[in-house]
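Secondary and tertiary structure notes
One letter stands for each residue in the lines below.
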Amino acid sequence: MPHIIPIKDLKNTGAISQLCKESNEPIYITKNGYGDMVIMSMQMYEENLFMQGVYNKLAESEADVTAGRVKNAKESLKNIREKYNV
């Protein structure tokens, strides 16, 4: 279940920092009853950036396959082995 806290609770920075580190989800900050911000730990942020990069690369790969920009795997491996004497 997501954590939702009012913006006035951000005054207690130590507790918020601890909550960010313990939570595996973003923490939603509300202002006047409406969503205003989202905060998370640095570790979670970096993991999200990494996964977004993975998803972007997968989308690019799928676009390449759809557009026919593919090579035969056996031929490619054979060329690499010949090039690097492996």
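Definitions and limits used
Residues numbered from 1 in each chain as written. Predicted model: local features only at pLDDT ≥ 70, side-chain atom pairs only at ≥ 80, totals over all residues. Heavy atoms only, no water. Helix = DSSP H or I, 4+ residues; strand = E, 2+ residues; numbered from the N terminus. Rg over C-alpha atoms; globule rule 2.2 N^0.38 Å. Buried < 20%, exposed > 50% of the residue type's maximum accessible area, 1.4 Å probe, protein only. Core = buried A, V, L, I, M, F, W, Y, C linked by side-chain atoms within 4.5 Å. Patch = residues over 30% accessible without salt bridge, like charges linked within 9 Å, V, L, I, M, F, W, Y side chains within 5 Å. Areas by Shrake-Rupley, 256 points an atom, 1.4 Å probe, with all protein chains shown as cover. Salt bridge = Lys/Arg side-chain N within 4 Å of Asp/Glu carboxyl O. Expected span 1.5 Å × (residues − 1). Polar contact = N/O pair within 3.5 Å; in protein donor to acceptor, adjacent residues only side chain to side chain. Pairing = 2+ DSSP bridges.

The next point concerns the overall build of the chain. Across its full length, the chain carries three helices and three strands. Tracing the chain from N to C terminus, the helices and strands come up as β-α-β-β-α-α. In terms of C-alpha radius of gyration, the chain reaches 23 Å, well past the compact-globule figure of 12 Å for 86 residues. Classification of the 86 residues of the chain by burial places 12% in the buried group.

Okay, the nonpolar core next. Listed in full, the five residues of the largest apolar core are Ile-5, Ile-16, Cys-20, Ile-27 and Ile-29. Counting residues per element, the ones that place at least two in this core are α1 (13–22) and β2 (27–31).

A cluster of nonpolar residues, Phe-50, Met-51, Tyr-55 and Leu-58, forms a patch on the protein surface that exposes about 430 Å² of accessible area. Within the secondary structure layout, Phe-50 lies in helix α2 (residues 42–66).

Moving on, we get to unusual backbone geometry. For Asn-32, which is not glycine, the phi dihedral falls at a positive 55 degrees. Take Asn-32: it is sitting in the loop between β2 and β3 (34–39).

Let's shift gears to helix α3 (residues 73–84). A rise of 1.5 Å per residue sets the reference length of α3, with its twelve residues, at 16 Å; its end C-alpha atoms lie 16 Å apart and thus fit the reference within 8%. Regarding α3, its N-cap is Asn-72, as a side-chain oxygen of that residue lies 2.9 Å from the backbone nitrogen of Lys-74 further along. Remark: Asn-85 follows α3 within two positions and exhibits a positive phi of approximately 50 degrees.

Regular strands place side chains that alternate from one sheet face to the opposite one. As judged from the five bridges shared by β2 and β3, these two strands associate in the antiparallel manner. Within β3, the position partnered with Ile-27 by the bridge is Ile-39. Between β2 and β3, which pair antiparallel and follow one another directly, the connecting turn spans two residues, one of which, Asn-32, has a positive phi of 55 degrees.

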